[in-house]
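Close look at the chain arrangement
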Amino acid sequence: MGIDKLVRGNPKSKNRKEPKSDNLQLRLLFKLYTFLARRTDSEFNKKVARRLAMSRLNKAPLSTRHLAKYMARRLDKTCVVVGPILDDPR
């Protein structure tokens with residue numbers, strides 16, 4: 001008896017392997033964080049590398065007001081945002 005496979009063979013990963021953008025800084029950052037994700041046990045590096053490869057629609061903007069509100073209780077922490085930061089005057 002053999003092993004039953006799925007109807008369409010082995011399922012592929014739905015995550016992007018690299019960013020589609022031609023932005024050199026984005027590509028270098030992605031290269032750095034994928035290297036760090038491979039070489040260290042840090043979940044942070046894996047998450048940042050995955051977020052850098054996402055499309056622009058999935059990188060939601062964050063306003064400085066919301067960022068300040070979120071970080072008000074966390075004075076000893078460092079905040080990392082993978083996406084645009086808006087300085088909205090409202």
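Above this note sits the structure.
This write-up is about the structure you can find in this document. Since we're looking at a predicted model, the values are computed, not measured.

So, how was this worked out
Residues numbered from 1 in each chain as written. Predicted model: local features only at pLDDT ≥ 70, side-chain atom pairs only at ≥ 80, totals over all residues. Heavy atoms only, no water. Helix = DSSP H or I, 4+ residues; strand = E, 2+ residues; numbered from the N terminus. Contact = heavy atoms within 4.5 Å. Areas by Shrake-Rupley, 256 points an atom, 1.4 Å probe, with all protein chains shown as cover. Core = buried A, V, L, I, M, F, W, Y, C linked by side-chain atoms within 4.5 Å. Buried < 20%, exposed > 50% of the residue type's maximum accessible area, 1.4 Å probe, protein only. Axes fitted to C-alpha atoms, helices over the stretch in contact; angles between N-to-C directions. Parallel < 35°, antiparallel > 145°, perpendicular 65-115°, else oblique. Left-handed = near helix turned anticlockwise from the far one by under 90°. Nonpolar A, V, L, I, M, F, W, Y, C, P; charged D, E, K, R; others polar.

Moving on, we get to the overall build of the protein chain. A tally of helices and strands in the protein chain yields three helices and two strands. Listed N to C, the secondary structure of the protein chain is α-α-β-α-β in terms of helices and strands. Considering only contacts within the protein chain whose residues lie at least 6 apart along the sequence, 33% involve residues at least 24 apart. Surface accessibility of the protein chain: about 8,400 Å² in total, with carbon and sulfur atoms responsible for 55%.

A separate point is the nonpolar core. One finds Leu26, Phe30, Tyr33, Val48, Ala49, Leu52, Ala53 and Val82 forming the largest nonpolar core, which totals eight residues. Of all the secondary-structure elements, those providing two or more residues to this core are helix 1 (24–39) and helix 2 (43–52). Those residues in contact with Leu52 that lie beyond four places of it in its chain are Pro19, Leu26, Leu29, Phe30, Tyr33, Lys59 and Val82.

With respect to the helices and strands, the residue Phe35 is situated in helix 1. Judged by its relative accessible area of 35%, Phe35 falls in the partly exposed class.

Moving on, we get to the environment of Met71. One can find Met71 in helix 3 (residues 64–71). Each residue touching Met71, except ones within four places of it in the same chain, is listed here: Lys77, Thr78 and Cys79.

What follows concerns the packing of helix 1 against helix 2. Each pair of packed helices can be summarised by the angle the axes make with each other and by the distance between the axes. Between helix 1 and helix 2, whose axes approach to 8 Å, the crossing angle comes to 150 degrees. With respect to each other, helix 1 and helix 2 are oriented roughly antiparallel. Here helix 1 runs over helix 2; the crossing is left-handed. From helix 1, Leu26, Leu29, Phe30, Tyr33, Thr34, Leu36 and Ala37 reach across to helix 2, where they touch Phe44, Asn45, Lys46, Val48, Ala49 and Leu52. Split into classes, the residues belonging to the contact of helix 1 with helix 2 amount to ten nonpolar, two polar and one charged.

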